[in-house]
Amino acid sequence: MTSVLTITTSASTPVGNYNFTVQGASGALIHTLPVSLSVLAAPPVTWPVTNLGSGWDMPVGVAFTKDGSKLFVWEKGGKVYVCNRNVSTQLYDKQATPVLDISAEVGNWNDMGCLGFTIDPNWETNGLIYLSYIVDRHYLLNFGTPLYDPPPGDNASAQKATIGRITCYQTVNNGGVITANLASRKILLGETKSTGIPILYDSHGVGTLTFAADGTLIASCGDAASYSDFDQGSTAGTYYVQALADSIIRPNENVGSFRSQMLTSLNGKILRLDPATGDGMPSNPFYDAANPRSAKSRTYAFGLRNPFRISIKPGTGSTNPDAGDIGEIYVGDVGVGTWEELNIIKEPGTNCGWPLYEGLAVVPQFANPVPNKDEPNPLFGTGGCTQQYYTFQDMFKQVTADNAKTVYNPCNPSQPIGTGNRYVHRRPIIDYKHDADVARVGIFSGNTATVATIGTPASGVPSAPFRGNANTGGCYYTGTLFPSNFRNTFLFGDYGRSFIKALTINFTDVLQKVEHFADVSSPVCLTQNPLDGTLVYADVETNAVRRISYGGNQFPVVKMTSNGIYGPAPFNVTFTGSNSYDPEGGRLTYSWNFGDGSALSTAANPPVHSFTAPAGVPTKFVVTLTQ
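Describe the packing of aromatic side chains, and please don't skip the residues or the numbers.
The description of two aromatic rings rests on the distance between their centres and on the angle between their planes. Applying the stated criterion to the full structure yields 36 aromatic pairs. Centre to centre, the rings of Trp 47 and Phe 482 are 5.0 Å apart; their planes meet at 80°, and the pair counts as edge-to-face. In this pair, Trp 47 sits in the loop between β2 (29–39) and β3 (49–51) while Phe 482 sits in the loop between β31 (471–477) and β32 (489–494), placing the two residues 435 residues apart along the sequence. A centroid spacing of 5.8 Å and a plane angle of 80° characterise the contact between Trp 56 and Tyr 81, whose relative ring orientation is edge-to-face. Taken together, the residues span a long stretch of sequence, with Trp 56 in the loop between β3 and β4 (59–64) and Tyr 81 in strand β6 (residues 79–86) at a distance of 25 residues. With respect to burial, Trp 56 and Tyr 81 carry one shared label: buried.

In structure tokens:
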């Protein structure tokens with residue numbers, strides 16, 4: 001016989017999570033069955049938005065500690081602040097003293113500045129923080145010498161060829177005030193002008209810093225090419241002459257956007273570093289043990305234009321750094337003139353295709369062969385082969401349905417150049433147009449790659465197409481605060497169109513649905529508060545850090561467990577309720593009703609209870625927030 005339990009809620013049932021236990025008997029056995037119920041509400045037209053802190057000067061990023069008790073905010077000019085959770089207001093109070101101020105070192109102009117920051121996974125014990133930023137040129141060339149004179153506030157001296165740098169500091173807590181120990185500074189990447197991330201224009205510089213589950217440090221960086229032209233090297237308006245003279249780039253790297261396709265250049269890459277040294281990890285796909293600090297040794301993925309914001313899906317990737325698996329990396333890559341794209345990188349050595357592809361589209365301006373002078377052709381001078389170097393086009397192919405990953409020598413089509421992810425286009429999960437409501441996914445027609453507009457049957461994505469301009473990435477939402485259709489979705493922002501959208505993704509990288517989440521002002525960094533499930537974003541245009549919430553004061557999260565669910569009478573059961581918590585950190589009270597006439601228990605973990613017969617009233621556990 002099958003029993004059916006029906007739970008009916010009325011229109012007045014409060015929003016929240018409900019946990020209880022249903023009891024019954026089968027012969028001589030007493031059964032207890034835990035049941036949970038979530039009551040949701042329809043989303044509002046706009047979410048409640050609250051400013052966090054004030055007095056910001058171009059905030060470009062936000063990051064929480066693991067427990068959500070502290071919020072770090074970093075500004076484009078080079079200051080880092082910490083905000084402490086205020087239990088009474090459920091907001092965050094900004095510490096008046098900056099954690100760190102490296103304004104004199106940061107080249108702050110146009111899209112440049114201190115753009116990346118992260119805290120060590122063990123920050124609570126080691127106090128380590130990491131930053132990626134553009135170095136002011138005068139500082140780069142002269143600091144520590146008699147020629148150094150701190151630059152003026154307008155940073156005019158910075159607007160020239162320079163480098164991106166990654167550094168590490170240790171913070172200390174003095175009487176509740178957190179500051180960085182300046183003497184602890186360590187340069188992980190960019191010790192000299194020849195070892196940094198080349199900067200040759202006003203954008204496409206450094207981007208995100210984050211940690212993978214295996215404890216490795218992940219960094220994104222742009223191609224350092226012009227956004228005003230289809231830069232293939234020696235492009236007017238760029239700083240290539242100065243960069244060559246200063247050995248910021250080698251002559252072979254004077255190829256503009258094609259640096260993204262060079263394993264010997266740091267530009268246009270996702271880098272994976274040892275956070276203690278800045279070396280590339282031995283499990284990286286192109287690691288060279290003889291030169292662990294080379295671009296090749298540090299590269300994890302490549303073929304990117306301006307991957308300003310990236311994030312790693314929680315719960316993905318190995319915890320073993322030797323495995324080389326850092327999980328699913330969501331990359332918002334800003335497009336050039338037509339398409340924005342969102343990539344999901346899930347394998348080492350992935351090639352996202354720039355500049356040969358923008359989104360899902362071929363870029364015809366980059367179709368003409370350009371030699372990669374770091375890739376000599378071994379057949380040159382033999383059998384009539386006159387091609388001394390492979391071209392970037394020789395070493396790349398569009399993906400096919402059969403997943404063939406081999407490219408062949410142009411002088412001998414039967415001889416492979418190589419096989420693997422490096423040579424094949426990893427198509428974005430979606431691209432969307434700048435000037436029209438068109439958004440697309442990649443599909444196949446037979447063995448050939450093609451595209452389908454979302455909302456059409458061929459796409460398999462029953463959602464409305466949209467437009468945007470400047471994808472700024474986002475976060476994979478794992479919280480429970482917002483309605484269920486937004487849970488376990490990727491929330492991403494667009495700076496140019498000022499929106500946040502939610503992507504439902506199955507099978508790692510198959511887009512199922514796109515939903516509009518919110519209209520917001522100029523989001524450049526979006527993250528989830530691990531404490532209460534709210535979203536926090538940085539708005540660089542209006543100098544604000546904002547929290548998006550839902551439903552006012554949140555209900556406590558009820559977590560009830562027992563050491564058994566059935567047994568002969570008398571059935572002794574130990575219940576635990578102490579894992580329940582209030583997302584805002586409030587004080588809780590407890591009430592256990594065992595449904596058999598016995599006294600209520602107000603302990604989080606009540607004494608062992610003995611059931612002697614099936615109860616007529618279900619066991620109830622109520623957790624109440626004490627205001």
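Which residues make up the layout of surface pockets, and what are the values?
Its volume calculated, the second largest pocket comes out at about 710 Å³. Looking at the lining of the second largest pocket, the elements with two or more residues in it are β21 (350–351), β29 (439–445) and β34 (510–519). Among the elements that line the lining of the second largest pocket, the one with the most residues is β29, at 4 residues.

Can you explain the pattern of salt bridges? Please cite residues and give values.
By the definition in use, this model includes 18 salt bridges. The residue Glu 105 makes a salt bridge to Arg 185 at a minimum N-O spacing of 2.8 Å. In this pair, Glu 105 is assigned in the loop between β8 (100–101) and β9 (114–119) and Arg 185 in strand β12 (residues 177–189), connecting sequence segments 80 residues apart. Using a relative accessible area of 30% as the deciding quantity, one classes Arg 185 as partly exposed. For Glu 515, the salt bridge is made with Lys 513, and the minimal N-O distance between the two is 3.4 Å. By relative accessible area, which is 30% here, Lys 513 ends up partly exposed. Three or more residues joined by partner-sharing salt bridges are found here, namely Glu 105, Arg 165 and Arg 185.

Please give an account of unusual backbone geometry that cites residues and values.
Most peptide bonds take the trans configuration, and most residues that are not glycine carry a negative phi. Residue Pro 355 follows Trp 354 across a cis peptide bond; omega there is 5°. The linkage connecting Ala 569 with the following residue, Pro 570, adopts the cis geometry, with an omega of -5°. A positive phi angle, near 55°, is found at Ser 498, a position not held by glycine. Structurally, Ser 498 is set in the loop between β32 and β33 (499–506). Although it is not a glycine, Phe 507 sits at a positive phi angle of roughly 55°. On the secondary structure map, Phe 507 appears in the loop between β33 and β34. Taking relative accessible area as the criterion, Phe 507 reaches 70% and is therefore assigned exposed.

Requested: an account of the pairing of β9, with residues and values cited.
Most of β9 sits inside the fold, with 6 of its 6 residues counted as buried. Bridge count between β9 and strand β10 (residues 128–134): 5 bridges; the pairing is antiparallel. By the bridge assignment for β10, Ile 119 is matched with Ile 129.

Describe the sheet that holds strand β18 (residues 309–312), naming the residues involved and giving the relevant values.
An order of β18-β19-β20-β28-β29-β30 is seen for the 6 strands of this open sheet, with the pairing classed as antiparallel. For this open sheet the edge positions go to β18 and β30 (448–453), each flanked by a neighbour on one side alone. For this sheet, the mean angle separating the axes of adjacent strands, direction not counted, is 25°.

Report on the pairing of β32, specifying residues and quantitative values.
Counting buried positions along β32 yields 6 of 6 residues, so the element is predominantly enclosed. Of the two faces of β32, both are covered, the one formed by Thr 489, Leu 491 and Gly 493 as well as the one formed by Phe 490, Phe 492 and Asp 494. In this structure, β31 lies alongside β32, joined through 5 bridges in antiparallel fashion. The residue of β32 that forms the bridge with Gly 474 is Phe 492. Sheet analysis places β32 next to β33, joined by 5 bridges and oriented antiparallel. Opposite Phe 490, over in β33, you have Leu 503 as the bridge partner.

Criteria and thresholds
- Residues numbered from 1 in each chain as written.
- Predicted model: local features only at pLDDT ≥ 70, side-chain atom pairs only at ≥ 80, totals over all residues.
- Heavy atoms only, no water.
- Phe/Tyr/Trp six-rings, centres within 6.5 Å; stacked < 30°, edge-to-face > 60°.
- Helix = DSSP H or I, 4+ residues; strand = E, 2+ residues; numbered from the N terminus.
- Buried < 20%, exposed > 50% of the residue type's maximum accessible area, 1.4 Å probe, protein only.
- 1 Å grid on protein atoms, 1.4 Å probe; cavity = no way out; pocket = protein on both sides within 12 Å on 5 of 7 lines; lining within 4 Å.
- Points joined across faces, edges and corners; volume = space filled by probe spheres on them.
- Salt bridge = Lys/Arg side-chain N within 4 Å of Asp/Glu carboxyl O.
- Pairing = 2+ DSSP bridges.
- Axes fitted to C-alpha atoms, helices over the stretch in contact; angles between N-to-C directions.

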